[in-house]
Amino acid sequence: MIEFDSQKQQFHLYNDQISYVMEVLPGGYLVHVYSGKRIRRFAQSQPYPHDGRSSFSPNVPDKRLQGFTLDLWPQEYPGDGAGDYRETAFEFTYADGTNATTLTYDHHEIVAGKPRLTGLPATYVEADSEAQTLNITLKDALRHVAVVLSYTIYADRNVVTRTARVDNEGDTLIRLNKVMSGCFDFTDSDYDMIQLPGAWANEKQLRRDHLAAGIHVLDSKRGASSVAQQPFIALCSPNTDEFQGEVHAFHFVYSGNFRIAAEVDAFDQTRVLAGINPYEFEWQLEPGASFQAPELVYVYSDKGLNGMSNTFHHLYRERLAHGQYRDAQRPILANNWETTYFNFNEDKLVDLIDNAHKLGVELFVLDDGWFKKRNSDTTSLGDWQVDRDKLPQGLAGVAKAAVDRGMQFGLWFEPEMISEDSDLFRAHPDWHVHVAGYPSSRGRNQLVLDFSRPEVRAEIFRQMTAILDELPITYVKWDFNRNLTEVASVGRAADHQKETAHRYILGLYEFLEKLTARYPQILFENCSGGAGRFDPAMCYYMPQSWASDNTDAIARLKIQYGTSLLYPASMICAHVSESPNQQVGRITDLSTRFATAASGNLGIMMDLGQKDRTDLPEVAAGIKFYKAHRQLIQFGDFYRLLSPYETNDCAWMFVSPDRKDALLFFFQILNSASRPHVKLRLWGLDPAATYEIDGLKLPGDELMNYGLFIDAGINHDFQARVLSLHQVN
Ligand code: DGJ
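Residues numbered from 1 in each chain as written. Predicted model: local features only at pLDDT ≥ 70, side-chain atom pairs only at ≥ 80, totals over all residues. Heavy atoms only, no water.

Novice: When you look at the overall build of the protein chain in this model, what are you seeing that I'm missing?
Specialist: A tally of regular secondary structure across the protein chain gives twelve helices and 38 strands. Relative to the globule expectation of 27 Å for 729 residues, the C-alpha radius of gyration of the protein chain, 27 Å, shows essentially globular dimensions. Projected onto its principal axes, the C-alpha positions of the protein chain cover 85 × 70 × 45 Å. Out of the 729 residues in the protein chain, the part that is buried amounts to 63%. A fraction of 68% describes how many contacts in the protein chain between residues 6 or more apart in sequence connect residues 24 or more apart. When the accessible surface of the protein chain is summed, it comes to about 26,400 Å², and 50% of that surface belongs to carbon and sulfur atoms. Taking the 70 positively charged and 95 negatively charged side chains of the protein chain as two groups, their mean positions are separated by 2 Å. (Helix = DSSP H or I, 4+ residues; strand = E, 2+ residues; numbered from the N terminus. Rg over C-alpha atoms; globule rule 2.2 N^0.38 Å. Buried < 20%, exposed > 50% of the residue type's maximum accessible area, 1.4 Å probe, protein only. Contact = heavy atoms within 4.5 Å. Areas by Shrake-Rupley, 256 points an atom, 1.4 Å probe, with all protein chains shown as cover. Lys, Arg positive; Asp, Glu negative; His and termini not counted. Charge placed at Lys NZ, Arg CZ, Asp CG, Glu CD.)

Below, the structure written as structure tokens:
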């Protein structure tokens, strides 16, 4: 998978689907040559030296290299202050206060498999034969600094992962101001740029724009990957659509501040850089110490955006998520939040559990409000002891009600937060992230605990494990409802303060590593006021995430469509809630709400105990339907067919790995008089097979090429149709 041609000084990473080529130029400059569709053998060498074009593109100091300029060359890890004026991959400051650094090739090694990253979540392999890793060491001998660039190529995935480690090989401190995880240079610029910006209850809104000249930055300064942006960018050819065309996609495996920049220079070349946001970041690298950057995942697809998504889905489901739930069907849960908010008692919960059980629900989740005096969002975060006023028998009474009925029991926590009205705050008024002596901003009336401090983590770990050790809990919803402000850690030396945001994330990862290892039987769900920290790093610890606090079936179409660009359905939690919807007031059919929620990892958030409701049989039928198709939805291949961003409709489908079964979802947003028929061409079926669908027997190739009329019975706003396909002989 990885070859080094010592004559041409060329590296070629390849599998059946992709190639990634780099070359070491005279002088040791490591340049990027190609990344994309598989090339059998790369025969050309780089034209050298490049013409300097003008004195405004400076030449390297070595006179033997004549007109060579770094300013114009595609590079692997472009330097700081040494003649490349584009976005830099790194910025280091040395003891003398200066920055200029040029990294050149020193040596490399090729190793089987994929080494783990210390302290950081990353994709992995289960056997060394699954991947090969190339470590290239670059050095600036005068600065006594080395950077090890690591590239892993999987044998059978169109994926290359990258990361960088900085080693201080000298005897003076180096201040790291910027350490990007990867740089990708392209010698052209005719791309569309795809991103997933969002807001609370409106997450992952797909945006596509033609890439213009200049620097385009997607970032987070919030201390979390955030609701506002996903650490993701894709560049695709303008003619690329869901089904065909080239895409280069980059996804950063990190939960904190990130920065992704796409720069188009004056010569129509494009540079993509991704890594930890240099904003409020500085790392003091002591002599002999190393700094490890998080992982960047690169996916190349020549099968359009569905091809890109398919690669991400398989990678994240199979080699990012881990633990016993990775390959297991996820339980259908009922959650009390939208039904009770903080206002419940044991009777009310037992009633909900009883009704949920009768309808086929498998897991009951007790959300916020079960601890100390938590009757509103102004109090008690940090005091993880049960509120005996609400639950006189403790949590054990509720857990028993579920377990006695054969259901599982799950619990909500928000471990990284503290309320000022809490025993924890009264005992430790300086345990939150803040600048000593300076006023703190509030978010949802709460402060953020300083997870960069081991003693803070230890106390929360102690409180959580006291509960998790005691009770038959098989699910935890881990929430995070505000972002960081006034980022500093009390007691940390002044010259280390700018490490706080990253140390916070490292502390969080350490906590999660310990917690998930201690409770392999617990399914952890990642939540952040919806999807405020739904990123690949969190998926490493928690194999599913709450996709949005917006449970409206129609608003969710765009949210789930955007989310599906990167994450498989098993990771995207979606609940059926009441109508009118509590976030947007929209009235929708129960069947539509089920169709949207059943397109992900299904849950129920309904007041099932209401005496006069008539829809319970339909709820039971929806749950039964989901159980019958759960394996296909959670572990099948997913294809988007019609975009709610481009049309008044939305459609997607799931196909089983053996292509014997498929499930088609169609949604009409607004109805109109005399609307044209909708004929959908299906995707991913076996063209040679025959499928039974809606009482008809239809050839796979006909369904994929001619299509299927899908709008029968569709006659009002916000309507869905779900069709099941099964191969017959
Ligand atoms: C935000 C979450 O997204 C909701 O589902 C719910 O758990 C609330 N927090 C509870 O405070």
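Novice: Would you mind showing me how to read the layout of surface pockets here?
Specialist: The rolling of a water-molecule-sized probe over the atoms marks out the regions of remaining empty space. Considered as a void within the structure, the largest pocket measures approximately 540 Å³ in volume. In terms of lining, the largest pocket is formed by 30 residues, of which the most central are Arg 116, Leu 117, Thr 118, Arg 165 and Gln 292. Secondary structure elements with two or more residues in the lining of the largest pocket: strand 7 (131-140), strand 8 (145-154), strand 9 (159-168), strand 19 (290-292) and helix 7 (500-518). Of the residues forming the lining of the largest pocket, the biggest block, six residues, is contributed by helix 7. Across the lining of the largest pocket, the residue classes tally to eleven nonpolar, eleven polar and eight charged. There are two domains that each give the lining of the largest pocket at least three residues, and those are domain 1 (2-319) and domain 2 (333-634). Considered as a void within the structure, the second largest pocket measures approximately 440 Å³ in volume. Among the secondary structure elements, those contributing two or more residues to the lining of the second largest pocket are strand 20 (295-301) and helix 1 (304-319). The biggest single contributor to the lining of the second largest pocket is helix 1, with five residues. (1 Å grid on protein atoms, 1.4 Å probe; cavity = no way out; pocket = protein on both sides within 12 Å on 5 of 7 lines; lining within 4 Å. Points joined across faces, edges and corners; volume = space filled by probe spheres on them. Nonpolar A, V, L, I, M, F, W, Y, C, P; charged D, E, K, R; others polar. Domains from an automatic or database assignment.)

Novice: Quick question: what am I supposed to make of the pattern of salt bridges here?
Specialist: Close approach of charged atoms allows side chains with opposite charge to pair. Scanning the entire structure with this criterion turns up 47 salt bridges. We note a salt bridge from Glu 126 to Arg 319, for which the minimum N-O separation is 3.5 Å. Taken together, the residues Glu 126 in the loop between strand 6 (104-112) and strand 7 and Arg 319 in helix 1 connect sequence positions 193 residues apart. (Salt bridge = Lys/Arg side-chain N within 4 Å of Asp/Glu carboxyl O.)

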